[in-house]
Amino acid sequence: MSIAIIADVHANIEALGRVFEDMADRGINRIVCLGDVIGYGPNPRECLKMLYSSEVAIMGNHEEAVMFYGEDFNPKARASLEWTKDQLNSNEFDRTENYDLWNFLGTMQQVVEDGDVMYTHGSPRVPTREYVVPADIRNQEKMAGIFDLITKVCFIGHSHIPHIYTSDMKHASPDKLGSGIDIRKLGDRKILINTGSVGQPRDGDPRLSYATFDGNIVRFHRLQYDYQTTVDKIYAEERIPNFLADRLLVGR
Ligand SMILES: [Fe+2]
């Protein structure tokens, strides 16, 4: 049975709702969430609640920051972090509901392994923090150190750039993969798969990105969603910097 693997929703309920519609069309109801459900966007509570039923819920740097401290957050990220924290503590809502939101955050894990499949937010070396980006394929020491910690397959998010990396130091973007990638054809190679971002794509394509996995084949999906609504909500909330809306229009 297939599973949907999503990352970096960033409080974008329009994008997340579109993923759920697409999952329903595909008959998929299992979901793995690779972290950063919250931060940047205007609907942190709604997105967390929608993901309570995730089979795996990984902690992203934004969850870590809201629960502990976001020491490396830039001023724009920090502004949205403080606003997000206030939303999650807001006394406009039922106290039990706030408790459930924080409780869900508290259940999130940094790394989950299921057989030879690993899930984490950034990288298996530094789960909530390390970025893996296409240029890293030239940094063989970094990539070898990461692959040393992977049994076979590892799904990540964090960079917001959908991409695959294999342990023979090759890499590809999803548009080069045709109908997907068949894990059985990897032989001895290991694979690191970034599913891209649901709620804040940064590869120049504003469409949301996620993946499905049936145990053998990984497929990437890009979908249009109503980002104008998300943009308008961010503009309407003065504590969230407008920059975080503008980037949704261009996928940067
Ligand atoms: Fe993120």
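Because the structure is a prediction, the values reported are computed rather than measured.

*Asks:* I tried to follow the overall build of the protein on my own but got confused; where do I start?
*Replies:* Helix and strand content of the protein: eight helices and 12 strands. Against the 2.2 N^0.38 benchmark of 18 Å for 252 residues, the protein shows a C-alpha radius of gyration of 17 Å, consistent with a compact globule. Seen through its C-alpha atoms, the protein measures out along the principal axes to roughly 55 × 35 × 35 Å. The buried share of the protein, reckoned over its 252 residues, is 56%. Considering only residue pairs separated by 6 or more positions, the protein has 72% of its internal contacts joining residues 24 or more positions apart. Accessible area of the protein: about 10900 Å², with a carbon and sulfur share of 46%. Positive and negative side-chain charges in the protein, numbering 28 and 37 respectively, have mean positions lying 5 Å apart.

*Asks:* Hey, could you run me through the coordination of the iron ion in this one?
*Replies:* Each donor-metal-donor angle in an ideal tetrahedron of four donors is 109.5 degrees, and each such angle in an ideal octahedron of six donors is either 90 or 180 degrees. With distances of 2.1 to 2.3 Å, the protein atoms coordinating the iron ion are Asp8 (OD), His10 (NE2), Asp36 (OD) and His160 (NE2). Geometry at the iron ion is irregular, judged from its four donor atoms and the angles of 84 to 176° they form at the metal. In primary-sequence terms, the residues that donate to the iron ion follow D-x1-H-x25-D-x123-H. Placement of Asp8 in the loop between β1 (3-6) and α1 (13-25) and of His160 in the loop between β6 (153-156) and β7 (163-166) is noted, with a sequence separation of 152 residues between them. Neither residue differs from the other here; Asp8 and His160 are each classed as buried.

*Asks:* Hey, could you run me through the packing of helix α4 (residues 75-89) against helix α5 (residues 95-107) in this one?
*Replies:* Axes are the key here: two packed helices are described by the angle between their axes and the distance separating the axes. Running from N to C, α4 and α5 cross one another at 125°; their axes reach a closest spacing of 8 Å. Taken together, the axis directions place α4 and α5 in an arrangement best described as oblique. Residues Lys85, Leu88 and Asn89 of α4 form the contact with α5, whose participating residues are Asn98, Leu101, Trp102 and Leu105. Residue classes in the contact of α4 with α5 are distributed as four nonpolar, two polar and one charged.

*Asks:* Quick question: what am I supposed to make of the pattern of salt bridges here?
*Replies:* Pairing between side chains of opposite charge can happen when the charged atoms of each approach one another. Going through the model one piece at a time under the given rule, you end up with 19 salt bridges. Measuring nitrogen to oxygen at the nearest pair gives 2.4 Å for the salt bridge that ties Lys233 to Glu14. Taken as a pair, Lys233 in helix α7 (residues 227-236) and Glu14 in helix α1 lie far apart in primary sequence, 219 residues in all. The class for Lys233 is partly exposed, based on a relative accessible area of 28%. When its relative accessible area of 15% is taken as the criterion, Glu14 is described as buried. Across the pair Asp168 and Lys170 runs a salt bridge whose closest N-O atoms are separated by 3.9 Å.

Quick notes on the rules
- Residues numbered from 1 in each chain as written.
- Predicted model: local features only at pLDDT ≥ 70, side-chain atom pairs only at ≥ 80, totals over all residues.
- Heavy atoms only, no water.
- Helix = DSSP H or I, 4+ residues; strand = E, 2+ residues; numbered from the N terminus.
- Rg over C-alpha atoms; globule rule 2.2 N^0.38 Å.
- Buried < 20%, exposed > 50% of the residue type's maximum accessible area, 1.4 Å probe, protein only.
- Contact = heavy atoms within 4.5 Å.
- Areas by Shrake-Rupley, 256 points an atom, 1.4 Å probe, with all protein chains shown as cover.
- Lys, Arg positive; Asp, Glu negative; His and termini not counted.
- Charge placed at Lys NZ, Arg CZ, Asp CG, Glu CD.
- Donors = N, O, S within 2.8 Å, 3.2 Å for Na, K, Ca; no water.
- Tetrahedral: all angles 85-135°; square planar, octahedral: opposite > 155°, others 65-115°.
- Axes fitted to C-alpha atoms, helices over the stretch in contact; angles between N-to-C directions.
- Parallel < 35°, antiparallel > 145°, perpendicular 65-115°, else oblique.
- Nonpolar A, V, L, I, M, F, W, Y, C, P; charged D, E, K, R; others polar.
- Salt bridge = Lys/Arg side-chain N within 4 Å of Asp/Glu carboxyl O.

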